[in-house]
Amino acid sequence: MWDKAAYWHGLAQSDARMTGDADLIAYTLSHAGHLHADLGDGRSTVDLCDAALSERGRLSARIQVTIKCQQAHGYALIGERRKTDQLLDAASLAVEHVDPTVPWGSAAARNARYFEVQRATCYGRLGLHHEAVRIWEQINATMPATARRDTGVFLARQATSYASTGEPEHAVPLARQSSAIARETGSARHRQELGVLRAAMQPWATTRIGREFDQAIAA
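Computed from a predicted model, the values in this text were never measured in an experiment.

A. Summary view of the nonpolar core. Counting 27 residues, the largest nonpolar core has Val65, Cys69, Phe115, Trp136, Ile139 and Phe154 as its most contacted members. Of all the secondary-structure elements, those providing two or more residues to this core are helix H4 (61-77), helix H5 (81-94), helix H6 (114-126), helix H7 (129-140) and helix H8 (148-164). Tallying contributions element by element places H6 first for this core, with seven residues. Counting 20 residues, the second-largest nonpolar core is a separate cluster that includes Val172, Ala175, Ile181 and Ile209.

Given below as structure tokens:
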């Protein structure tokens, strides 16, 4: 799957370069960075986003927001909190200049919790799970009923943070809710997040809590 994704990312970059459109070239580079972040390769994510920002003077605000957020994930993966926070703060300021009428404008202009989601995810990647848990609690308490897939993914991430702080008893009910949503949506990304959660719960695999967890996500 990853090989196919890398192939299409490469093709998209080639096509974008032929157009000469700075936004489109940068956009495809940031998406390649997203792929590397999913693979846990923070350094490649940072480098690809650096390349995407090399002509920042020609880039629209919405593209800069996207790239800075993605680069923050790269820095989180290599353990640099200061750079992670700086990029997320810069992106949250840049979103004020995003044109909301653009059809493929940044999700940051449409989702009031966008930057909190990015920060909580980055903090999880940094291992700052106590801080991540507090942010996920706020996010998941206000998610709209229409955002089922996102809610399921965020619940799984919150559960992972609880497991990582040594509080598996809080992770189980969240896992149960998340698993129920995964059955509805069939989302591959959601299943991936549940796999991360399963790994985080492994220390309790032979305990009562571990058995309750297995039952929660068995389906």
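B. Quick peek at the pattern of salt bridges. One pass over the structure, following the stated rule, counts 15 salt bridges. Across the salt bridge formed by Asp89 and Arg119, the nearest N and O atoms sit 2.8 Å from each other. Of this pair, Asp89 sits in helix H5 while Arg119 sits in helix H6, and the two are 30 residues apart along the sequence. Residue class for Arg119 comes out buried when judged on its relative accessible area of 18%. Measuring nitrogen to oxygen at the nearest pair gives 3.0 Å for the salt bridge that ties Glu184 to Arg148. Highlighted residues: Glu184 in helix H9 (residues 168-185) and Arg148 in helix H8, separated in sequence by 36 residues. Glu184 gets classed as exposed once you look at its relative accessible area, which sits at 52%. Overall, Arg148 belongs to the partly exposed group, its relative accessible area being 35%. Taken together, the shared-partner salt bridges connect Arg81, Asp85, Asp89, Arg119 and Glu131 into one network.

C. Highlighting the environment of Ile181. Inspection of the secondary structure assignment puts Ile181 in helix H9. Ile181 gets classed as buried once you look at its relative accessible area, which sits at 3%. C-alpha of Ile181 to C-alpha of Gly152: the two residues are 29 residues apart in sequence and 5.6 Å apart in space. Excluding residues that lie within four positions of it along the chain, Ile181 makes contacts with Arg148, Arg149, Thr151, Gly152, Leu155 and His190.

D. View of the environment of Ser30. Within the fold, Ser30 resides in helix H2 (residues 22-38). Residue contacts for Ser30: discarding those within four places in its chain leaves Thr66, Ile67 and Gln70.

Criteria and cut-off values
- Residues numbered from 1 in each chain as written.
- Predicted model: local features only at pLDDT ≥ 70, side-chain atom pairs only at ≥ 80, totals over all residues.
- Heavy atoms only, no water.
- Core = buried A, V, L, I, M, F, W, Y, C linked by side-chain atoms within 4.5 Å.
- Buried < 20%, exposed > 50% of the residue type's maximum accessible area, 1.4 Å probe, protein only.
- Helix = DSSP H or I, 4+ residues; strand = E, 2+ residues; numbered from the N terminus.
- Salt bridge = Lys/Arg side-chain N within 4 Å of Asp/Glu carboxyl O.
- Contact = heavy atoms within 4.5 Å.

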